[in-house]
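# A structural walkthrough
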Amino acid sequence: MIVNMSSSATPEEINHIAERIRECGYQAHIIQGAERTVIGAVGSNGRRAEIEALSAAPGVADVIQITHPFKLVSRQLKPQGTVVSVRGVRIGTGYLTVIAGPCSVESSEQLFETARSVKAAGANMLRGGAYKPRTSPYDFQGLGVEALRLLREASDETGLPVVTEVMSEADVEIVADHADMLQVGARNMQNFSLLRKLATIARPILLKRGPSATIKEWLLAAEYLLAGGNPNVVLCERGIKTFETSTRNTLDLAAVALAKELTHLPVLADPSHGTGLRSLVPPMSMAAAAAGADGLIIEVHPCPERGLSDGP
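Procedures and definitions
Residues numbered from 1 in each chain as written. Predicted model: local features only at pLDDT ≥ 70, side-chain atom pairs only at ≥ 80, totals over all residues. Heavy atoms only, no water. Helix = DSSP H or I, 4+ residues; strand = E, 2+ residues; numbered from the N terminus. Contact = heavy atoms within 4.5 Å. Areas by Shrake-Rupley, 256 points an atom, 1.4 Å probe, with all protein chains shown as cover. Lys, Arg positive; Asp, Glu negative; His and termini not counted. Charge placed at Lys NZ, Arg CZ, Asp CG, Glu CD. Buried < 20%, exposed > 50% of the residue type's maximum accessible area, 1.4 Å probe, protein only. Arc of directions from axis to C-beta. Pairing = 2+ DSSP bridges. Axes fitted to C-alpha atoms, helices over the stretch in contact; angles between N-to-C directions. Phe/Tyr/Trp six-rings, centres within 6.5 Å; stacked < 30°, edge-to-face > 60°. Polar contact = N/O pair within 3.5 Å; in protein donor to acceptor, adjacent residues only side chain to side chain.

## Considering the overall build of the chain
- Of regular secondary structure, the chain possesses ten helices and 14 strands.
- Across the chain, the fraction of contacts at a sequence separation of at least 24, relative to all contacts at a separation of at least 6, is 68%.
- As displayed, the chain has an accessible area near 13800 Å², and 52% of this comes from carbon and sulfur atoms.
- The distance from the centre of the 30 positive side-chain charges to the centre of the 33 negative ones in the chain is 1 Å.

Here is the structure:
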């Protein structure tokens, strides 16, 4: 449920409503807007009738039911878009944010050449995998802590904030020590233990959509992060599995447009993973921007045929 406070509501009236929501068995999430305050009553085991009765309380304009199972990420709760700041880079401002870099960090030379190149080309952030979830156990799995150290050094030199993937709860602290933004990869989108852990850290999260996840499941995964206390979440559409075999995945740009309607969180697109074809990255990047994406995440390698991860 959403309690819309009137524009003339006093701080005392707002606090009273928040306390009543808690008494009814719900969490109270207060969102201060430019003109008025909205309070979300989030939970499933509270006394709903008593929340509806708050429409008669002083300072309340109306009480509205949230129609989606995801509450905190819903644009019903927060109509204005969220802007997520990653060490000074603001995602969700209406300008296209570009994150670029190698799929995996392979060496100091490879990473620094790539970082300098994407910086010169106008990228806003640097991506690079330290820990790589690979379909085959025999494929390159990443350099781990050494890659994190190299990413930090490349960031210090170029000034680009770093985003890298965290694969397990055990790695959260060390990755957070080196990275400015932590990525939840597609295979981990519904790793709820990891999501709960990430909800408690002071780092923005990039949440990729699972290859077979519905939009509802994707947004509910984001709900875990916000419900746990981390409001700095950015969504990323990276392609889904369909019957098509000509591309690596099917980049679902309708999902980008629909997610922008359903949630206030910023939404990025990943045309590299989404298509798996170098020639399609530029046109699908432009298409994603036209569909309303807040940014792009692009794979870049100085010598693709030598790439240990996603080289083809």
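## Quick look at helix α10 (residues 281-290)
- Every buried residue of α10 is accounted for by V281, S285 and A288. Summarising the axial view, the buried residues of α10 lie within an arc of 65 degrees, below the 170-degree limit, and thus occupy one face. In α10, the exposed positions angled more than 90 degrees off the buried face are occupied by M286 and A290.
- Just past α10, the residue G292 takes up positive phi, approximately 110 degrees.

## Regarding the environment of R22
- Within the secondary structure, R22 sits in helix α1 (residues 11-23).
- Since its relative accessible area comes to 42%, R22 is described here as partly exposed.
- Here the alpha-carbon distance between R22 and V42, two residues 20 residues apart in the chain, equals 9.6 Å.

## Points about the sheet that holds strand β2 (residues 27-32)
- The sheet built from four strands is open, its strands ordered β2-β3-β1-β4 with antiparallel pairing. The open sheet is flanked by β2 and β4 (60-64), the only strands paired with a single partner. Averaged over all pairs of adjacent strands, the angle between their axes in this sheet comes to 20 degrees, without regard to strand direction.
- The pairing of strand β1 (residues 2-5) with strand β3 (residues 37-42) spans three bridges and is antiparallel. For V3, the partnering residue across the bridge sits in β3 and is I39.

## Some points on the packing of aromatic side chains
- Taken as a whole and assessed by the stated rule, the structure comprises one aromatic pair.
- On the numbers, 4.5 Å between centres and 25 degrees between planes, the contact of F192 with Y224 is stacked. Of this pair, F192 sits in helix α6 (residues 192-198) while Y224 sits in helix α7 (residues 215-227), and the two are 32 residues apart along the sequence.

## Quick look at helix α8 (residues 253-262)
- Residues L253, A255, V256, A259 and L262 constitute the buried set of α8.
- A distance of 3.4 Å separates the backbone nitrogen of A254 from a side-chain oxygen at the start of α8, and that oxygen is part of D252.

## Things to note about unusual backbone geometry
- Even without a glycine there, the phi angle at R87 is positive, about 45 degrees.
- Tracing the backbone shows R87 in the loop between β5 (84-86) and β6 (89-91).
- Overall, R87 belongs to the partly exposed group, its relative accessible area being 43%.

## Section: the pairing of β2
- Here β2 runs beside β3; their pairing, made up of six bridges, is antiparallel. By the bridge assignment, I30 is partnered in β3 with I39.
- The hairpin turn running from β2 into β3, its antiparallel successor, is four residues long.

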